[in-house]
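Residue strings, one per chain:
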Amino acid sequence: TMFLRSFSARLAAGLGPTAARRPLQALPHVRMLATATAASASTTSRGMQVAWVDGSKDTFNATWLRQNCTCKDCVEQSSGQRMYTTRELRTHAPIAAVAVEGSRVRVEWAGGHASVFDAQFLKQHAPVAPAQAAEASRRLRPTRAKALSEISYDSVMDSGDAGLLQWLEHLTSDGMCLVKGAPLDTSVVTTLADRIVGVQKTVYGSTFDVISTPTPINIAYSPVPLEVHQDLAYYESPPGLQFLHCVRFDSHVTGGESTLADGIAAAHELRDKDPAAFAALSTIPASFRKIHYKRALPVHMTSRKPIIMTNRHGEVVTVTWAPPFEAPLEGVTLDETEDYYRAYHVFSQLLDDTTLRFRLHPGDVLTFSNRRMVHGREGFVLPPDGQRHLVGVYVHIDEFRSRHRVLRATLRGDTSTPVRLGNGDLE
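Residues numbered from 1 in each chain as written. Predicted model: local features only at pLDDT ≥ 70, side-chain atom pairs only at ≥ 80, totals over all residues. Heavy atoms only, no water.

**What about the overall build of the protein chain?**
Reasoning step 1: The number of helices and strands found in the protein chain is twelve helices and 23 strands.
Reasoning step 2: When burial is assessed residue by residue, the protein chain has 51% of its 427 residues classed as buried.
Reasoning step 3: If you sum the accessible surface of the protein chain, you get close to 19,700 Å²; carbon and sulfur atoms cover 52% of it.
Reasoning step 4: In the protein chain, 46 positive and 44 negative side-chain charges are present, and the distance between their average locations comes to 6 Å. (Helix = DSSP H or I, 4+ residues; strand = E, 2+ residues; numbered from the N terminus. Buried < 20%, exposed > 50% of the residue type's maximum accessible area, 1.4 Å probe, protein only. Areas by Shrake-Rupley, 256 points an atom, 1.4 Å probe, with all protein chains shown as cover. Lys, Arg positive; Asp, Glu negative; His and termini not counted. Charge placed at Lys NZ, Arg CZ, Asp CG, Glu CD.)

Here is the structure:
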């Protein structure tokens, strides 16, 4: 369609779719810069301009400055939560005077209020040119791992926070990590989840058993092949991490190999190879559903969203790929339907071409990001005395991300922003 051709052209061009007063400190989620030193400050019609010792200048909006004051009258000092209201912000007083005071910049407001900012904070949060913002966003793009990284269960459990951080780094940078040598106890996945923050409960309970049953409530609980997908795509916020602990996989069971592919990397590859297909999958909403009344906890959940979602710079922030749980397209034209399925086939092929295949062994725990990676398994044949049994659990993406960033900051002093997790954050 004409819209998709226009969208594709924009992508090809690199454009995306659409004390008594405490100084404000540099925030830990912002990439640290070289130490900034202010030479002078002056008022302007837009707010305040700071001249730096390196000769550069930055202008700060007056309303932005007023909202980001952290004095005891504007911010509750223990929690760090803002008390200054939007009603007050709408009618804030103009800037009366500004001054550099050592490593800080002081802003005096008409009416007597004063705000004090660290120069480093101002430099980190200074407005940027569009090209700079796009490049900063591009740097957060994850890179597809060529192999499945490994770490021992003992390292995660018995090496203190250093071992835990190493595991979380693998999960963040690669999107996946195989934990080796775990006990053959069905509580292992809960123990691992508790090392981070705890279990995310879903319609499948706190933990779930992936084992072939006569009347499965999920296609995973059968021996049929399961193409790569993400779990619980019909949730508004699907689980962040998934752990699958192999407690039994008899050697005479034929098939059943696990599969993994990087959905975020595949989406970026799609944009480079076929901008029209990328445009279709990032604009035409797919439908996902779980409607199952004949189970202990009846479920009726639906969700409509594009398979690929981007930020304003065109960087992929979310991929939702779950063919087993798709419902028919709704509210789309015939042209859009045709565009969608052409793109769907191209993306499916990209995933197939980049899928890793491997066999789990008892004591292995496959851990991966359910928001970035897509997973599946080959079909298998169970002999009369054979069994394939995995125990699964989920961990919330935001709590995982928080734990990772806290450990990076406290153990390594690293406060830079990690690569994207596929959780929809628009950074």
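**Structural notes on the packing of aromatic side chains**
Reasoning step 1: Under the definition given, this model contains twelve aromatic pairs.
Reasoning step 2: Between F208 and Y394, the aromatic rings sit 5.0 Å apart at their centres with planes inclined by 35 degrees, giving tilted as the arrangement. On the criterion of sequence distance, the pair formed by F208 in strand β9 (residues 207–210) and Y394 in strand β23 (residues 388–395) is long-range, its members being 186 residues apart. Judged on exposure class, the residue F208 and its partner Y394 are both buried.
Reasoning step 3: With a centroid separation of 5.2 Å and an interplanar angle of 80 degrees, the aromatic rings of W321 and F347 are classed as edge-to-face. Taken together, the residues W321 in the loop between β17 (316–319) and β18 (326–327) and F347 in helix α11 (residues 334–353) connect sequence positions 26 residues apart.
Reasoning step 4: Members of the aromatic cluster, joined through ring pairs, are W321, Y340, Y341, Y344 and F347. (Phe/Tyr/Trp six-rings, centres within 6.5 Å; stacked < 30°, edge-to-face > 60°.)

**With respect to the side chain of D274**
Reasoning step 1: Relative to the helices and strands, D274 resides in the loop between α9 (263–273) and α10 (275–281).
Reasoning step 2: Within the local environment of D274, its side chain forms a polar contact with the side chain of R342, the two groups lying 3.0 Å apart.
Reasoning step 3: Those residues in contact with D274, other than ones at most four positions away along the chain, are R342 and V346. (Polar contact = N/O pair within 3.5 Å; in protein donor to acceptor, adjacent residues only side chain to side chain. Contact = heavy atoms within 4.5 Å.)

**A closer look at the sheet that holds β23**
Reasoning step 1: Strand order in the open sheet made by the six strands is β7-β8-β20-β11-β23-β9, with mixed pairing throughout. Of all the strands in the sheet, just β7 (150–152) and β9 have a single pairing partner and so form its edges. Direction aside, the axes of adjacent strands within the sheet are offset by 25 degrees on average.
Reasoning step 2: As paired strands, strand β11 (residues 241–249) and strand β20 (residues 365–369) are joined by five bridges and run antiparallel to one another. (Pairing = 2+ DSSP bridges. Axes fitted to C-alpha atoms, helices over the stretch in contact; angles between N-to-C directions.)

**Focus on the pairing of strand β8 (residues 176–180)**
Reasoning step 1: In terms of residue burial, β8 counts as a mostly covered element, since four of its five residues are buried.
Reasoning step 2: Of the pairings in the sheet, the one linking β7 to β8 comprises three bridges and is parallel in character. Each residue of the ladder has a partner; that of S152, found in β8, is K180.
Reasoning step 3: Here β8 pairs with β20 via four bridges, running antiparallel.

**A closer look at the packing of helix α7 (residues 160–173) against helix α8 (residues 188–196)**
Reasoning step 1: Where α7 contacts α8, the axes come no closer than 11 Å and their chain directions differ by 100 degrees. The orientation of α7 relative to α8 falls into the category roughly perpendicular. On the side of α7, the interface is formed by G160, D161, L164, W167 and L168, while α8 contributes L192, R195 and I196.
Reasoning step 2: Looking at side-chain class alone, the contact of α7 with α8 contains five nonpolar, one polar and two charged residues. (Parallel < 35°, antiparallel > 145°, perpendicular 65-115°, else oblique. Nonpolar A, V, L, I, M, F, W, Y, C, P; charged D, E, K, R; others polar.)

**Here we look at the sheet that holds strand β5 (residues 104–109)**
Reasoning step 1: Read across the open sheet, the three strands follow the order β4-β5-β6; overall the sheet is antiparallel. In the strand order of this sheet, the two ends are held by β4 (95–101) and β6 (114–118), each with one partner. Each neighbouring strand pair of the sheet contributes to a mean axis angle of 20 degrees, computed without reference to strand direction.
Reasoning step 2: The sheet contact formed by β4 and β5 spans six bridges and is antiparallel. When the bridges of β5 are listed, V98 appears paired with V107.

**Examining the environment of R195**
Reasoning step 1: Relative to the helices and strands, R195 is located in helix α8.
Reasoning step 2: When the C-alpha positions of R195 and A134 are compared, they lie 35 Å apart, and in sequence the two are 61 residues distant.
Reasoning step 3: Apart from the residues lying within four places of it in its own chain, the contact partners of R195 are V156, M157, G160, D161, L164 and R403.
Reasoning step 4: Among the polar contacts listed, one links the side chain of R195 to the backbone oxygen of G160, at a separation of 3.0 Å.

**Thoughts on the nonpolar core**
Reasoning step 1: The biggest cluster of nonpolar side chains holds 57 residues, and the ones touching the most others in it are I307, I308, W321, F347 and L366.
Reasoning step 2: By residue number, the principal contributor to this core is α11, which donates six residues.
Reasoning step 3: Ignoring sequence-local partners within four residues, the contact set of F347 consists of G263, A266, A267, L270, L281, I307, V319 and W321.
Reasoning step 4: Counting residues in each nonpolar core, the second largest holds 27 residues, with L168, L171, F243 and V391 among its members. (Core = buried A, V, L, I, M, F, W, Y, C linked by side-chain atoms within 4.5 Å.)

**Some remarks on the pattern of salt bridges**
Reasoning step 1: By the definition in use, this model includes 21 salt bridges.
Reasoning step 2: Between D425 and R401 there is a salt bridge, with the nearest N and O atoms lying 2.7 Å from each other. Taken together, the positions of D425 in the segment after α12 (397–412) and R401 in helix α12 put the pair 24 residues apart, joining distant regions of the chain.
Reasoning step 3: The class of D425 is partly exposed, set by a relative accessible area of 26%.
Reasoning step 4: Looking at R401, the relative accessible area reads 17%, which means it is buried.
Reasoning step 5: Put simply, D414 and R408 hold a salt bridge, and the shortest N to O gap is 3.3 Å.
Reasoning step 6: Residues participating in the shared-partner salt-bridge network are R141, R271, E315 and R420. (Salt bridge = Lys/Arg side-chain N within 4 Å of Asp/Glu carboxyl O.)

From the geometry alone we can't say anything about function, so treat these as descriptive.
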